[in-house]
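Descriptive structure summary
The residues making up each chain are set out below.
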Amino acid sequence: MFRDLSNLTQLFLYGNLLQSLPAGTFLGLSSLDRLLLHSNRLVTISPAAFSGLSSLTILFLFNNSLPSLSGDCLRSLPSLQFLRLNGNPWHCDCSCRSLWGWFRSSPGISSSPVTCSSPPAFRGRDLRSLEERDLRFCSSHKPIPTGNLSGLSFPPKPSSFYRGQPGPSQNEIKEWEDRIEEVGEDIGGSLNAGGARGGLSVMLLLALLIWNVEIDL
C-alpha cells in the first residue's frame, strides 16, 4: 500500500474504524517520522506491523481496544521517542509481559501511563511499575518445580502389565523346578543330592518372590 511513499514523513490515521494491523502494514515508509493511530478500534497488532519504520519517533495508539501489545512491535522502532498507549483496556497478565520487558529495556522513551484494567489484582496499576514477582507465573518464566507433582504425568510402569494377572499354577511351578533341576545337573554335577535340592529350593523361592513383586508394583 505504501511502497511508493518512501519520502512520506507523517501519516495520520486516527479516528477511523481500524481493528487490526497485520505484519508489514507500513512497509515502504522508511522516512516516516510520525504515525498517529489513536481513537480507532484496534484490538490486535501483529508483532511485525511496524517493520521497516526505522525513522519513526512518534507513535500514538491511545484510545483503542488493545488488551495487549507485543514488545517486538516496539523493538523494531529504533528511533522511537514518544509513545502514547493510554485509554486501552490493558490485561496485565502474561500476555503483557513482552511489553513490560520492552519498557524495562527502554527507560529513555517518553510514554503515557499504561493502566491495567484487569485482572482485578492489578486493576488501576501502571504496567510499567509491575515487578518481576508480579509476573512470576508466566509460561516463559516458570518457577522451579517443587515437591508437588500433582500436575505432572508419567508413563505407566512396565510392571503394570502384570497387574491383575493370575499367579503361577502348580503345573508351571513343577515345570520350572524340573527345568532348573536339569540345568543344575548339567552345570553342577559335583553337587551332592542334598545340596542340589537345597539350591533348587532357594532358586525356586527367588523366582516366586520376583513374580510377586512384579504383580504388586
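Residues numbered from 1 in each chain as written. Predicted model: local features only at pLDDT ≥ 70, side-chain atom pairs only at ≥ 80, totals over all residues. Heavy atoms only, no water.

**Focus: the overall build of the protein chain**
Rules: Secondary structure elements follow DSSP: runs of H or I of four or more residues count as helices, runs of E of two or more count as strands, with numbering from the N terminus. Three labels apply to residues, based on accessible area from a 1.4 Å probe with only protein chains included: buried if under 20% of the type maximum, exposed if over 50%, partly exposed otherwise in between. Exposure was quantified through the Shrake-Rupley algorithm and a 1.4 Å probe, taking into account, for residues, occlusion by the shown protein chains and nothing else.
A count of helices and strands for the protein chain gives 4 helices and 9 strands. Burial statistics for the protein chain: of 217 residues in total, 29% are counted as buried. In the form shown here, the protein chain has an accessible surface area of approximately 13,400 Å², with 57% of it arising from carbon and sulfur atoms.

**Re the environment of G52**
Quick reminder of the rule: Any two residues whose heavy atoms approach within 4.5 Å at even a single point are treated as in contact.
Relative to the elements of secondary structure, G52 occurs in the loop between β4 (44-45) and β5 (58-60). Sequence separation between G52 and L27 is 25 residues; the distance between their C-alpha atoms is 5.7 Å. Those residues in contact with G52 that sit more than four places away from it in its chain are L29 and S30.

**As for the side chain of N40**
Note the following rule: Polar contacts, as used here, are pairs of N or O atoms within 3.5 Å; protein pairs need one atom able to donate a hydrogen and one able to accept it. Residues neighboring in sequence count only if both atoms are side-chain atoms.
Here N40 is to be found in the loop between β3 (34-36) and β4. Within the local environment of N40, its side chain forms a polar contact with the backbone nitrogen of N16, the two atoms lying 3.0 Å apart. Engagement of the side chain of N40 in a polar contact is seen with the backbone oxygen of L37, the distance being 3.0 Å.

**Side note on the state of the cysteines**
Where we set the bar: Pairs of cysteine sulfur atoms within 2.5 Å are identified as disulfides in what follows.
Within this structure, the stated rule accounts for 1 disulfide. In this model C92 forms its disulfide with C116; the gap between the sulfur atoms is 2.0 Å. Judged by the sign of its S-S torsion, about -95°, the bond between C92 and C116 is left-handed. Of this pair, C92 sits in the loop between β7 (90-91) and α2 (97-105) while C116 sits in strand β9 (residues 116-118), placing them 24 residues apart in sequence. For C92, a relative accessible area of 1% corresponds to the buried category. Take C116: its relative accessible area is 2%, and that puts it in the buried class. Unpaired in terms of disulfides, C96 finds its nearest cysteine sulfur in C92, a separation of 5.2 Å.

Interpretation note: all reported values are geometric properties and have no functional meaning in isolation.
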